[in-house]
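Structural overview for review
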Amino acid sequence: RGFPGSAVQLSGSDSECCCVYAWPAASYGLAMSEDPHILHALGQAVESKVRYFEEVQLSAGGASWAAICCVGSRALYFLNSDWDKFLDTRSTLSYNHIEAVQVDAGSEDRAMVLLSDDRDRYWAQAVQVIAAARDDLVENLAVAWQAYKMKVHRRFQSMPLAPVEFSEPRGPVSTWTAEPFFGYRKVVINKYFAFVPQKLRQIESLSGEPTGRFRNPETGLELELHVHKPVAVLSLERHGLDSVRWVAMEYKRFLTKSVDAYHVRCHEPYTKRMNITDDIAVWHGWKMFFLCRDVSIAVLILRRQYMPPLADTAQDFAVVMRFPRGQGSEFARCPESLLMQEALLIADSISPLVQATKMYRGAIQAKADALMYDEGGYDFLQNNLGIRPKLYDLAGAFLKAIFLVLKGEKSDLILPYADQMEVVLEQFRGDLDVDAIIAQFRDSGALTTGAGGISLNQEEAERHTNAWCVRVARYVGWAVNGGLGPMFSLRDIVDTPVRLGVDADKKIRTCVEFLLHLRRPDMSRRFFSAELSQVINNPVLSDHVFTSSVMQVLIETKYIEKLFTREQKDRYTALLSDLLSSDTVDVSVKSEICRQLLQVTNPRGTMIVPVMIASALLRMMAKANTFLCTYATAALVNLSADDDQVKSALLSGSVASILVKQLASKDDDLVHYTLRLLVCLSKAAHHRSILVSAGTVGAVQEILISTYDSDKTKILVQVAGVIGQLCNDSETQKQFLTSRTGQYLGETLYTLLYIYDREPEISDLRTRVIFAIKQLCHNSPEAQVEAGSHMISSLIPLLRDCYLTKREFAFHAVLLLLSFSGLTILQDKMAKCQLRTVLHDIYRETERRESSSSAAFRTKVKELYDRMGKQNT
């Protein structure tokens with residue numbers, strides 16, 4: 001939006017979209033009224049550097065008026081409420097004329113600016129300022145005032161600032177205050193408040209400042225409240241924190257890194273249930289509960305997004321409560337749901353201290369017109385504020401043009417909701433062709449030399465226009481993908497159930513290529529839709545930028561895959577590999593590729609080259625976060641299950657060290673899939689030697705010891721499987737049998753025996769444990785005697801009762817007993833348990849029910865029966 005006299009236009013975007021024209025990139029520590037794009041535009045308008053702006057109400061000499069206050073380097077500047085021009089007279093207040101500032105101790109939004117006698121004649125001696133974020137305004141004014149005095153007078157001078165109780169009446173108050181719950185009190189931390197139990201005492205810093213840490217000295221309960229700095233929403237994408245889930249995973253990693261063993265009892269999204277201050281911003285949440293040996297930890301992560309006054313910032317909060325579980329603690333027997341409820345009450349009460357729901361609609365409209373929000377931001381502006389970019393009507397016409405193309409191609413099959421969509425699209429023009437609209441998209445952001453008061457040469461104007469088109473593609477992609485109507489999305493366009501005609505297919509492809517906007521980062525080059533077609537010959541996208549949300553849909557619907565022929569499967573795999581390996585590709589795109597790989601049942605019969613894609617997944621795992629590592633590991637389990645080439649390719653790389661590192665992550669899902677992958681990779685002897693040399697034995701033993709007494713059944717099943725596989729080698733078997741202190745028959749064997757006894761029924765875990773014990777005791781008489789003495793009396797009755805219903809368990813039980821039968825002491829014990837009679841009955845019954853699947857089982861039963869007979873003889 002321009003200001004008369006300077007005609008400054010708001011433009012540009014963050015570097016993630018490669019829109020770099022004249023404006024500073026969004027900083028990571030952004031405050032609400034410190035948007036760099038608007039500050040830059042305001043600075044050009046007032047011809048001075050602006051560090052802060054705020055909408056204020058001024059009062060002086062019996063008059064009152066609204067203004068936009070800009071804190072400049074030399075003075076305060078005041079624009080009208082429409083953000084388009086200076087106030088007629090009171091437009092500037094020099095720092096030379098400001099003597100002191102008084103802050104009203106009886107309110108949170110009033111201050112008084114005291115002026116000198118040589119002030120301009122249209123300013124009164126004292127000017128009252130009412131601002132929702134008064135403290136921020138006064139703080140920025142003090143910094144700018146002191147910097148100006150140092151520059152002019154060459155000495156440091158603090159701005160006189162004092163709290164004063166204003167004597168004049170405040171007038172009617174429109175805000176209200178919610179009282180804390182019974183037994184709670186209100187605490188204030190970094191401009192937010194929360195309700196905490198009264199018994200919790202705050203731990204103060206050495207300077208007396210609140211730390212956000214509380215403790216109950218009687219029960220040992222500890223509470224931490226973290227209020228992070230506001231950040232630009234668009235900057236969250238660059239830092240990989242665009243979802244509150246990623247923040248929660250970072251907290252989990254930090255809180256559990258020094259814990260030997262813990263169990264995740266809760267790890268799921270959470271919706272904040274209270275809006276005490278009528279906050280217009282959007283809140284997202286994630287809750288976690290960790291059960292450790294001596295303490296239970298409840299964690300609530302909240303994100304306040306699209307915050308006033310510009311709807312372009314986000315702020316994260318964390319509530320961490322530690323409940324002691326030691327002997328005698330009142331929390332030891334308390335249900336986990338009640339402990340979590342205590343943390344939820346505190347998290348629900350977190351609210352901004354200032355009840356400011358006013359949005360700077362003029363500035364927001366300017367940013368929206370410049371398309372400087374993400375997809376969620378456009379949803380928020382449209383649904384909550386009724387603000388739409390100036391490109392809204394043209395985006396609607398674009399969607400209508402697509403709709404009309406599909407409507408003429410067997411619309412009953414393609415568009416089941418055609419009637420409803422016609423109603424939605426009725427407001428938009430329908431006489432424009434797709435190509436004409438795309439041309440208008442480009443022209444709508446074109447700047448010529450001198451346009452709007454901005455001096456641009458031809459190259460700069462071209463860069464500006466190309467950067468604008470990148471943002472247009474993202475916005476229109478949001479509009480087409482359900483933003484303008486939930487009955488119609490991008491999936492309906494690219495995944496039609498019928499074959500389109502030649503003309504219709506060409507138009508749809510043109511639309512898709514524009515929305516994807518695949519191009520080089522160099523904004524001096526114009527976008528050409530042929531870039532997507534050229535990918536077939538040069539499948540390298542790491543040096544390209546594109547619209548992530550559109551790319552995700554194109555991969556999900558196999559639109560890009562259909563561009564390649566069967567003979568070009570290596571090129572298609574190279575494209576996916578390049579996306580997975582790139583540091584600039586969004587998490588959503590990489591996770592979608594992994595989801596596609598998880599659905600592959602026969603890799604050789606698809607467009608995927610397993611060895612190539614497996615190497616790319618491995619490269620991604622070396623540097624990705626826990627979420628992507630879990631997805632990639634699960635995909636590798638699927639790809640390597642029956643493919644020796646994939647296994648060899650992985651083990652010739654760095655997979656062994658990566659898997660050992662993932663076993664130490666303490667993330668249940670990641671550990672589970674890592675163990676499954678180890679089971680797949682440990683079938684061959686030379687593969688096992690690589691895994692063992694990387695430290696797999698110690699890592700697996702650590703997981704077994706830390707999880708054996710928990711209900712992490714799916715992890716223990718895989719641990720037993722890995723132990724059984726690795727013990728095929730005698731040296732590795734000795735490592736598992738040796739304790740960490742060097743004692744033979746160490747923790748591994750006794751822990752497996754404990755799990756065997758603990759399982760109340762014949763389960764997958766008990767079956768895997770029997771397999772692991774059999775492998776662990778092979779050729780070790782000491783281990784066989786220890787395990788056999790412990791298991792024989794309970795194992796034989798289980799075998800007698802389950803051999804028909806639990807065939808896998810029975811098979812491993814027979815193999816284990818067969819290994820015990822080599823020792824006389826164990827044969828005597830088995831004979832006392834009537835094993836030969838049990839085997840006779842099993843053999844006769846399975847012979848009567850003869851089947852190919854039971855032949856191997858009957859062979860082992862007969863071998864054990866014969867061996868027991870020889871012993872009796």
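These figures come from a predicted structure and were not determined experimentally.

**Observations regarding the overall build of the protein**
- Helix and strand content of the protein: 34 helices and 19 strands.
- C-alpha atoms of the protein, sized along the principal axes, occupy 125 × 75 × 50 Å.
- The burial tally for the protein puts 54% of its 873 residues in the buried class.
- At a minimum sequence separation of 6, the contacts of the protein that also span at least 24 residues come to 66%.
- Within the structure as shown, the protein displays about 38700 Å² of accessible surface, and the carbon and sulfur contribution to it stands at 49%.
- Both charge centroids of the protein, one from 98 positive and one from 102 negative side chains, sit 4 Å from each other.

**Comments concerning the packing of helix 25 (residues 696-707) against helix 27 (residues 730-737)**
- Where helix 25 contacts helix 27, the two axes come as close as 10 Å, and the packing angle between them is 35 degrees. Helix 25 and helix 27 meet at a crossing whose hand is right-handed. Residues Val697, Val700 and Gln701 of helix 25 lie in contact with helix 27, whose contacting residues are Thr732, Gln735 and Phe736.

**Re the sheet that holds strand 9 (residues 184-189)**
- Read from one edge of the open sheet, three strands run 9-10-19, paired in antiparallel fashion. Strand pairing shows two members of the sheet lacking a second neighbour, strand 9 and strand 19 (351-352), which therefore form its edges.
- Its contacts with the sheet put helix 5 (residues 336-349) on strand 9, strand 10 (192-197) and strand 19, and the angle it makes with strand 10 is roughly 155 degrees.

**Quick look at the nonpolar core**
- Residues Phe398, Leu617, Ile773 and Leu817 are the most contacted members of the largest nonpolar core, which totals 216 residues.
- Per-element tally for this core: the top contributor is helix 8 (residues 392-407), with eleven residues.
- In this structure Phe398 touches Val434, Ile437, Ile438, Phe441, Val476, Val480, Cys511 and Leu515, once residues within four positions along its chain are discounted.

**Focus on the side chain of Lys149**
- Mapped onto the fold, Lys149 is located in helix 2 (residues 134-153).
- It turns out Lys149 is buried and unbridged, and the closest side chain with the opposite charge, Glu99, is 8.7 Å from it.
- Beyond its immediate stretch of four places on either side in the chain, Lys149 contacts Tyr95, Asn96, Arg154, Arg155 and Gln157.

**Observations regarding the pairing of strand 10**
- Taken across its six residues, strand 10 has six buried, putting it largely inside the fold.
- Sheet analysis places strand 9 next to strand 10, joined by six bridges and oriented antiparallel. Note that in strand 10 the partner of Ile189 across the bridge is Tyr192.
- Turn length for the strand 9-strand 10 hairpin, with the two strands adjacent in sequence and antiparallel, is two residues, and the turn residue Asn190 shows positive phi of about 50 degrees.

**Focus: the pairing of strand 1 (residues 50-60)**
- Burial analysis of strand 1 places eight of its eleven residues in the buried class, which makes it a mostly covered element.
- Pairing geometry for strand 1 and strand 2 (residues 63-72), over ten bridges, is antiparallel. Bridge pairing in strand 2 places Val50 opposite Gly72.
- Counted between consecutive antiparallel strands, the loop separating strand 1 from strand 2 contains two residues, among which Gly61 sits at a positive phi close to 60 degrees.
- In this structure, strand 1 lies alongside strand 7 (residues 126-131), joined through four bridges in antiparallel fashion. Counted as the bridge partner of Ser59 is Gln128 from strand 7.

**With respect to the sheet that holds strand 7**
- Read across the open sheet, the eight strands follow the order 4-3-2-1-7-6-5-8; overall the sheet is mixed. Of all strands in the sheet, those bounded by a partner on one side alone are strand 4 (92-94) and strand 8 (161-164). If you compare each strand with its neighbour and ignore which way they point, the axes differ by 30 degrees on average.
- Packed onto the sheet, helix 1 (residues 36-46) meets strand 1, strand 2 and strand 3 (75-79) and runs at close to 65 degrees relative to strand 1.
- Sheet strands in contact with helix 2 are strand 1, strand 2, strand 3, strand 5 (98-104), strand 6 (110-115), strand 7 and strand 8, and its direction is about 115 degrees off that of strand 1.

**A short note on the packing of aromatic side chains**
- Evaluation of the coordinates by the stated rule reveals 25 aromatic pairs.
- Summarising the aromatic geometry, the rings of Tyr378 and Tyr475 are spaced 4.8 Å apart at their centres and angled 70 degrees between planes, so their arrangement reads as edge-to-face. Taken together, the residues Tyr378 in helix 7 (residues 375-385) and Tyr475 in helix 12 (residues 458-483) connect sequence positions 97 residues apart. Across the pair, Tyr475 and Tyr378 agree in class, each one buried.
- Through successive ring pairs, a cluster of aromatic residues spans Trp65, Phe78, Tyr122 and Trp123.
- Positioned above the aromatic ring of Trp65 is the side chain of Arg90, whose terminal nitrogen or guanidinium carbon lies 4.3 Å from the ring centre.
- Over the ring of Tyr865 we find Arg836; its NZ or CZ atom is 3.9 Å from the centre of that ring.

**Description of the confidence of the model for the protein**
- Scored by pLDDT, the protein has a mean of 85; 90% of the residues are at 70 or more.
- Across the protein, element-level confidence peaks in strand 17 (residues 295-305) with a mean pLDDT of 95 and bottoms out in helix 9 (residues 411-414) with 55.
- Low pLDDT, under 50, characterises residues 1-31; the predicted model gives this stretch 105 contacts beyond four residues in sequence or across chains.
- A low-confidence stretch, residues 448-453 stays under pLDDT 50, and its non-local contacts, those more than four residues away or across chains, total eleven contacts.

**A short note on the pattern of salt bridges**
- Going through the model one piece at a time under the given rule, you end up with 34 salt bridges.
- Salt-bridge contacts for Glu462 lead to Arg442; the nearest nitrogen and oxygen are separated by 2.7 Å. In this pair, Glu462 is assigned in helix 12 and Arg442 in helix 11 (residues 434-443), connecting sequence segments 20 residues apart.
- Overall, Glu462 belongs to the partly exposed group, its relative accessible area being 25%.
- Using a relative accessible area of 12% as the deciding quantity, one classes Arg442 as buried.
- We note a salt bridge from Asp669 to Lys714, for which the minimum N-O separation is 3.2 Å. Pair noted here: Asp669 is in helix 23 (residues 668-681) and Lys714 is in helix 26 (residues 713-726), with a separation of 45 residues, a long-range link.
- Overlapping salt bridges, with partners in common, bring together Glu237, Glu375 and Arg474 in one network.

**Some remarks on helix 32 (residues 824-832)**
- Restricting attention to buried positions, one finds in helix 32 the residues Leu826, Gln827 and Met830. The arc that holds the buried residues of helix 32, viewed along the axis, is 105 degrees, so those residues lie on one side. Opposite the buried face of helix 32, by more than 90 degrees, sit the exposed residues Thr824, Ile825 and Lys832.
- Backbone geometry just after helix 32 places Gln834 at a positive phi near 60 degrees.

**Some thoughts on helix 17 (residues 569-581)**
- Between its terminal C-alpha atoms helix 17 stretches 18 Å, which fits the 18 Å expected from 13 residues at 1.5 Å a residue.
- Here helix 17 has its buried residues at Tyr572, Thr573, Leu575, Leu576, Ser577, Asp578, Leu579, Leu580 and Ser581.
- For helix 17, the elements touching its buried residues are helix 16 (548-556), helix 18 (587-598) and helix 19 (610-621).

**Regarding the environment of Ala656**
- Along the polypeptide, Ala656 turns up in helix 22 (residues 655-663).
- By relative accessible area, Ala656 is classed as buried at 8%.
- Once the C-alpha coordinates of Ala656 and Arg688 are considered, the two residues, 32 residues apart in sequence, prove to be 9.9 Å apart.
- Apart from the residues within four sequence positions on either side, Ala656 is in contact with Ile690, Leu691 and Ala694.

**What about the packing of helix 8 against helix 14 (residues 502-516)?**
- Closest axis-to-axis distance for the helix 8/helix 14 pair is 10 Å, and the angle between their directions is 150 degrees. If you check the angle between helix 8 and helix 14, you find them roughly antiparallel. Here the hand of the crossing between helix 8 and helix 14 comes out left-handed. Where helix 8 abuts helix 14, its residues Phe398, Ile402, Val405 and Leu406 lie against Ala504, Lys507, Ile508, Cys511 and Leu515.

Definitions and limits used
Residues numbered from 1 in each chain as written. Predicted model: local features only at pLDDT ≥ 70, side-chain atom pairs only at ≥ 80, totals over all residues. Heavy atoms only, no water. Helix = DSSP H or I, 4+ residues; strand = E, 2+ residues; numbered from the N terminus. Buried < 20%, exposed > 50% of the residue type's maximum accessible area, 1.4 Å probe, protein only. Contact = heavy atoms within 4.5 Å. Areas by Shrake-Rupley, 256 points an atom, 1.4 Å probe, with all protein chains shown as cover. Lys, Arg positive; Asp, Glu negative; His and termini not counted. Charge placed at Lys NZ, Arg CZ, Asp CG, Glu CD. Axes fitted to C-alpha atoms, helices over the stretch in contact; angles between N-to-C directions. Left-handed = near helix turned anticlockwise from the far one by under 90°. Pairing = 2+ DSSP bridges. Core = buried A, V, L, I, M, F, W, Y, C linked by side-chain atoms within 4.5 Å. Salt bridge = Lys/Arg side-chain N within 4 Å of Asp/Glu carboxyl O. Phe/Tyr/Trp six-rings, centres within 6.5 Å; stacked < 30°, edge-to-face > 60°. Lys NZ or Arg CZ within 6 Å of the ring centre and 35° of its normal. pLDDT = per-residue confidence, 0-100. Arc of directions from axis to C-beta. Expected span 1.5 Å × (residues − 1). Parallel < 35°, antiparallel > 145°, perpendicular 65-115°, else oblique.

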